[in-house]
Amino acid sequence: MSKSMTGARMVVQALIDQGVDTVFGYPGGAVLPIYDEIFQQNSIKHVLVRHEQGAVHAAEGYARSTGKPGVALVTSGPGATNAVTGLTDALMDSIPIIVLTGQVPTFMIGSDAFQECDTVGITRPCTKHNWLVKETDKLAAVMHEAFHIATSGRPGPVVIDIPKDVQFATGKYTEARQVETHYNPQVKGDMEMITELAIAMETAKRPLFYTGGGVINSGPAASQLLRELVAATGFPITSTLMGLGSYPASGDNWLGMLGMHGLYEANMAMHDCDLMINIGARFDDRITGRLDAFSPGSKKAHIDIDASSINKVIPVDIPILGDVAHVLEDLLNVWKSRGRKTNKESVQKWWHQINDWRKVDCLSFEQQGKVIKPQYALSRLEALTKKHDRYITTEVGQHQMWAAQYLGFEDPNRWMTSGGLGTMGYGFPASIGVQMGHPDALVINVAGEASWLMNMQELGTAMQYNLPVKQFILNNERLGMVRQWQELLHGERYSSSWSESLPDFVKLAEAFGAKGILCSDPADLDDAIMEMLNHDGPVLFDCLVEKHENCYPMIPSGKPHNEMLLRDSVDVGKAIKSDGAVMV
Amino acid sequence: MSPLKIKKGATSHSAYDLRPTFSDKEERHTLAVLVENEPGVLSRVIGLFAGRGYNIDSLTVAEVDHLGHRSRITIVTTGTPQIIVQIKAQLGRFVDVHAVNDLTVEGPSVERELALFKVSGLGNDRIEAIRLADIFRASVVDSTLESFVFEITGTPEKIDAFADLMRPLGLQEIARTGVAALSRGAVA
């Protein structure tokens with residue numbers, strides 16, 4: 001006998017049944033019944049953000065750091081439209097989130113009612129799936145199915161649009177176990193293809209693992225299996241921005257991140273390898289560079305849960321459709337049962353070549369004088385926080401790339417950054433979501449001053465819930481990455497890429513009741529970072545850095561991997577030709 | 001002689017699909033997409049084609065199973081083999097899509113389209129129009145003293161040919177349904 005209850009109560013009940021402990025949201029007219037139910041229970045914590053975009057990014061940060069789906073609750077109209085950036089961000093990075101939106105009552109839909117918008121229409125291209133629920137009897141089943149869809153297959157964001165009259169009306173509650181779904185993506189890979197890959201691994205002379213966010217999305221078992229596979233084969237491994245942490249940065253076989261601002265040795269290995277094993281990455285344009293010159297001599301295997309990722313831009317020889325953890329388990333078993341063979345002699349030579357590339361030391365820099373280099377700031381942050389239970393989020397731009405280069409990640413789910421969409425303003429609310437999921441951990445948002453200002457209102461949220469998130473702002477008073485591209489591509493005409501009228505960040509922090517720290521001298525940096533770490537509460541760390549530092553290494557647009565720029569030189573301005581300049 | 005390198009699984013009916021995967025040559029494919037009959041499904045499908053820049057030559061949709069709550073969308077599209085594979089994979093991703101069948105590569109199939117033609121004229125043109133309609137097995141569904149409405153069924157090429165013939169005879173207006181298609185043989 002199923003229980004009867006109001007739609008609003010169903011929403012809360014379904015969240016509890018799905019194991020949700022935290023909801024990020026902002027109330028409004030069309031979600032008042034749900035907020036009333038939240039008020040009358042103690043199972044779910046509600047975090048009041050200061051802008052709906054913040055709610056969705058916080059839910060993303062929570063999801064990425066915990067491996068559980070994140071939940072956001074917003075009102076109709078502007079509440080829903082403000083959520084669109086976060087939804088698109090989650091779609092691009094395959095992050096499971098459930099966004100509940102209020103809607104005007106069913107009898108007013110289509111009448112241009114106050115705070116009405118076509119939420120399911122607007123969010124259709126930026127969600128994995130969405131629903132407009134018009135009957136209370138169906139609401140609970142949709143809620144349960146939404147969690148299933150958001151978290152299975154390639155994860156992604158879903159939206160449930162709930163008209164206000166549906167929230168008030170009474171209906172039958174459907175239990176999660178009663179919900180039937182036809183959506184059950186294949187997780188086991190084709191054994192014939194897996195065997196083909198195992199055979200290729202036995203003979204490869206210059207093999208390379210190229211891993212991505214799919215390893216992390218697949219869960220901790222995938223990272224564990226990846227580590228076993230790398231250790232057992234002795235092959236080198238590189239990762240995309242999204243996949244950092246699945247293999248530890250301190251691991252023997254780690255080459256560092258690859259791609260546009262990846263490490264020299266990683267990109268050279270991609271170009272010269274003869275067997276590329278793509279595990280849960282998607283040949284993004286930040287990775288491939290010029291397509292017709294991408295790793296020309298390699299046999300390519302691609303493990304992905306999404307059939308549309310396979311052969312999308314790069315034709316592969318061994319496609320394996322399935323979940324990373326399931327496929328890696330089978331791959332390990334097949335390879336072991338065939339006798340654990342590798343082409344040891346050639347792989348040894350390959351390592352010699354890689355070690356030669358490593359000698360280029362592409363991340364070296366010199367900290368001289370009285371101005372802090374951003375690379376130095378991050379190196380010190382790394383050294384002083386390495387031993388902590390540490391989670392890092394970032395905004396988007398130069399600081400993001402430097403963070404990926406200079407911070408080391410030992411475990412999955414420790415690194416939250418907007419990779420696909422490149423959303424400035426992501427990092428601060430994401431850090432709030434991470435801290436909610438890990439109350440005792442050290443959570444740092446590595447930011448640029450321009451990105452940080454895009455969602456600075458969330459300082460109010462951090463204060464209200466006493467979330468000790470550390471905002472480590474590399475302040476160069478520039479839109480650094482825009483400025484770098486204008487230097488390389490647009491004759492050093494810095495059109496609108498400087499930050500004028502910046503606030504005094506220390507006073508800004510104090511205005512919210514938070515702690516502000518200003519640091520401009522390299523000699524003071526360590527003490528200032530320690531002061532930040534020792535403060536129990538939100539900290540705004542204004543780190544004034546070198547204003548014109550460029551981010552290297554860099555694969556210029558339209559160039560192959562083996563034509564990287566390593567540092568500033570006279571030819572930098574000529575490196576990008578007109579056909580490359582049209583790319584972003 | 002070394003054996004040919006042939007990718008397996010390219011089609012379900014032929015062991016040898018010798019077309020290169022990444023040819024630049026555009027092909028016309030007819031896709032049958034079985035979907036949940038829910039609001040928004042058609043919008044998702046059309047949005048995919050618009051958003052990713054794929055072509056739609058023809059599109060028809062109607063409920064085909066009332067109890068099972070299923071609709072069938074028949075899409076005729078053109079693209080390089082790589083794009084066609086992408087379109088099928090992207091359609092297959094949708095939660096509300098139950099099956100995507102490429103009738104062009106999965107064996108023989110039949111395609112039909114229905115069209116209505118309004119042709120106005122007097123004298124010899126009028127006689128010629130009805131004579132040609134007879135040859136094309138088109139039937140008259142409306143008539144005045146100076147016009148006919150013809151109903152014609154056939155492949156898109158047949159309807160194109162009929163349109164070419166009617167144009168000089170006083171063709172006023174055409175309404176076409178788009179292509180409906182099914183695989184030949186006993187099983188779905």
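These figures come from a predicted structure and were not determined experimentally. Think of each chain on its own: its residues are numbered from 1, step by step along the sequence as written. As a convention, the first chain written is A and the first ligand written is 1, with the rest following in written order. Only residues with pLDDT of at least 70 are given local features in this predicted model, and only at 80 or more are side-chain atom pairs given and counted; all residues enter the totals for whole chains, interfaces and linings. Values reported for side chains reflect all heavy atoms of the structure, with hydrogen atoms and water molecules removed beforehand.

Trainee: Just checking my understanding: could you explain helix H7 (residues 136–151) of chain A for this structure?
Mentor: Since the α-helix advances by 3.6 residues per turn, residues separated by three or four positions end up pointing in the same direction. A rise of 1.5 Å per residue sets the reference length of H7 of chain A, with its 16 residues, at 22 Å; its end C-alpha atoms lie 24 Å apart and thus fit the reference within 8%. Each residue is placed in one exposure class: buried if its accessible area under a 1.4 Å probe, protein chains only, is under 20% of its type's maximum, exposed if it is over 50%, and partly exposed if it falls in between. Under the scheme used here, helices are H or I runs from DSSP no shorter than 4 residues and strands are E runs no shorter than 2 residues, and both carry numbers assigned from the N terminus. Every buried residue of H7 of chain A is listed here: Thr 136, Leu 139, Ala 140, Val 142, Met 143, His 144, Glu 145, Ala 146, Phe 147, Ile 149 and Ala 150 of chain A. Expected span of a helix: the number of residues minus one, times 1.5 Å.

Trainee: Help me out: how do you make sense of the interface of chain A and chain B in this one?
Mentor: One frequently used descriptor of interface size is the decrease in accessible area upon assembly of the parts. Facing 22 residues of chain A, the contacting portion of chain B comprises 15 residues. When the two sides are added together, the surface that chain A and chain B hide from each other amounts to roughly 1,600 Å², 52% of it contributed by carbon and sulfur. Here, a salt bridge means any side-chain nitrogen of Lys or Arg that lies within 4 Å of a carboxyl oxygen of Asp or Glu. Run the count over chain A and chain B and you get one salt bridge. Close ionic contact of Asp 306 of chain A with Arg 93 of chain B constitutes a salt bridge, the shortest N to O distance being 2.5 Å. Side-chain atoms alone can form a polar contact between residues adjacent in sequence; in general such a contact is a pair of N or O atoms within 3.5 Å, and within protein one must be able to donate a hydrogen while the other accepts it. Scanning the region where chain A abuts chain B turns up nine residue pairs in polar contact (both at pLDDT 80 or more). Secondary structure elements with two or more residues in the side of chain A that touches chain B: strand S6 (129–132) and helix H9 (191–203) of chain A. The contact criterion used is simple: two residues touch if any of their non-hydrogen atoms lie within 4.5 Å. As a working definition, buried area equals the accessible area (1.4 Å probe) given up by two parts on being put together, with both sides summed.

Trainee: Before we go on, may I ask you to explain the side chain of Asp 304 of chain A in this structure?
Mentor: Residues and elements named next belong to chain A. Within the secondary structure, Asp 304 sits in strand S13 (residues 299–304). By the counting scheme adopted, Arg and Lys are positive, Glu and Asp are negative, and His together with the chain ends is not counted. The buried charged residue Asp 304 lacks any salt bridge, with Arg 154 as its nearest oppositely charged partner at 5.4 Å. Every residue in contact with Asp 304, bar those within four places of it in the chain, is listed here: Ala 281, Ser 309, Ile 310, Ile 320, Leu 321 and Gly 322.

Trainee: Any chance you could explain the pattern of salt bridges here in plain terms?
Mentor: When the charged atoms of two side chains lie near each other, side chains of opposite charge can form a pair. Residue and element names in this part refer to chain A. Counting across every chain of the model gives 32 salt bridges over all chains. We note a salt bridge from Glu 135 to Lys 138, for which the minimum N-O separation is 3.6 Å. Looking at Glu 135, the relative accessible area reads 43%, which means it is partly exposed.

Trainee: When you look at unusual backbone geometry in this model, what are you seeing that I'm missing?
Mentor: Residue and element names in this part refer to chain A. The step from Tyr 552 to Pro 553 runs through a cis peptide bond, and the omega angle for that step is -5°. Position of Pro 553 among the secondary structure elements: in the loop between strand S20 (539–544) and helix H24 (578–581). The phi angle at Glu 477 is positive, at roughly 55°, despite the residue not being glycine. Summarising the element assignment, Glu 477 is placed in the loop between strand S18 (470–475) and helix H21 (480–489).

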